[in-house]
Amino acid sequence: MTSSPATLLLARHGQTVWYAENRYAGVSDIALTDEGRRQARQLGDWAARNGVDAIWTSTLSRAIETARPACEALRLTPRRAHELRECDFGEVEGRTLAEFTAEQPERAREYRADPVAHPFPGAEDPRAAAARGAAALRRIAAGHPGQRVLVVAHNTLLRLVLCELLSIPLGAYRRVFPRLLNGAVSELRIGEQGGALLSLNVPCAPDTLNVPCAPEAPGAPAAPDAPPAPGVSP
């Protein structure tokens, strides 16, 4: 018997305290800003209006706190999956791309050319991150057939997972999905025949727009935890 596909409502956590400086926030447990908490409340209001049957988050506090208003509004107990955590950025964790470029310009150039073939020194293999994240979403979908599930996770992890589930080359994730907006929702349907992306970066409220930070240097992309300048990929 064929089960009904699940609809996963993928949301990036709210803005964090490393936002302004464009610092890479991977496995570091970074707190939300006041703006991030506002985005979380807007996500909660959106979830209450649009119908959500279950809520999953990563085990990092910024994702847990972003999901809290939705859990309270819907009276749902959140479920957590360590596999939904952000990628570990190795030596660049907590630093900016400009800092890394100044110290290792050739490694930075290789990263920009292909972030999967040339991840940051000491970083998690992006292919492994994509595999664990995709496996987690498939497991969540299988456990909620025909339901709508809010999944609060992280920018780089979710972009890698979207590529994995949509048969897009992983090395293209920064170009194909330049960024996921803090607190915005992307709708992914997962069934027995695979995944289908139904929407991307839908704001939860009319004013849920990320004001870009200034780029770190001419042509330098912003870090995954901060919105890049227009036309600049993180």
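Refer to the structure presented above.
A brief report on the enclosed structure follows. Because the structure is predicted, anything quoted here is derived from the model rather than measured. (Residues numbered from 1 in each chain as written. Predicted model: local features only at pLDDT ≥ 70, side-chain atom pairs only at ≥ 80, totals over all residues. Heavy atoms only, no water.)

**Some thoughts on the pairing of strand 5 (residues 185–191)**
Step number 1: Relative to strand 5, strand 1 (residues 6–12) runs antiparallel, the two sharing 6 bridges. Its bridge partner being in strand 5, A6 is matched across the sheet by I190.
Step number 2: Direction of pairing for strand 5 relative to strand 6 (residues 194–202): antiparallel, over a ladder of 6 bridges. The partner of I190 across the bridge, within strand 6, is G195. (Pairing = 2+ DSSP bridges. Helix = DSSP H or I, 4+ residues; strand = E, 2+ residues; numbered from the N terminus.)

**Let's talk about helix 1 (residues 34–50)**
Step number 1: Between its terminal C-alpha atoms helix 1 stretches 24 Å, which fits the 24 Å expected from 17 residues at 1.5 Å a residue.
Step number 2: Looking at helix 1, one finds that the buried residues are G36, Q39, A40, Q42, L43, G44, W46 and A47.
Step number 3: Of the surrounding elements, those touching the buried residues of helix 1 are strand 1, helix 2 (61–74), strand 4 (148–153) and strand 5.
Step number 4: G51 sits one or two residues past helix 1 and shows a positive phi near 80°. (Expected span 1.5 Å × (residues − 1). Buried < 20%, exposed > 50% of the residue type's maximum accessible area, 1.4 Å probe, protein only. Contact = heavy atoms within 4.5 Å.)

**Considerations on the packing of aromatic side chains**
Step number 1: Summed over the entire model, instances satisfying the criterion amount to 4 aromatic pairs.
Step number 2: A centroid spacing of 5.0 Å and a plane angle of 70° characterise the contact between Y24 and F89, whose relative ring orientation is edge-to-face. Of this pair, Y24 sits in the loop between strand 1 and helix 1 while F89 sits in the loop between strand 3 (79–80) and helix 3 (97–103), and the two are 65 residues apart along the sequence. The pair formed by Y24 and F89 is uniform in burial state, with each residue classed as buried.
Step number 3: Both rings, one in Y24 and one in F120, keep their centres 5.2 Å apart while their planes meet at 85°; by these two values the pair is edge-to-face. Here the residue Y24 occupies a position in the loop between strand 1 and helix 1, and F120 occupies one in the loop between helix 4 (105–113) and helix 5 (126–143), the gap between them amounting to 96 residues.
Step number 4: A residue is classified by how much of its surface remains accessible, and Y24, at 0% relative accessible area, is buried.
Step number 5: For F120, a relative accessible area of 4% corresponds to the buried category.
Step number 6: Feature note: the residues Y24, F89, F100, Y111 and F120 constitute an aromatic cluster, connected by ring pairs. (Phe/Tyr/Trp six-rings, centres within 6.5 Å; stacked < 30°, edge-to-face > 60°.)

**A look at the packing of helix 1 against helix 2**
Step number 1: Direction vectors running N to C along helix 1 and helix 2 enclose 35°, while the axes themselves pass 7 Å from each other. As helix 1 packs across helix 2, the resulting crossing turns out to be right-handed. Contacts between helix 1 and helix 2 pair A40, R41, L43, G44, A47 and A48 from the former with E65, T66, P69, A70, A73 and L74 from the latter. (Axes fitted to C-alpha atoms, helices over the stretch in contact; angles between N-to-C directions. Left-handed = near helix turned anticlockwise from the far one by under 90°.)

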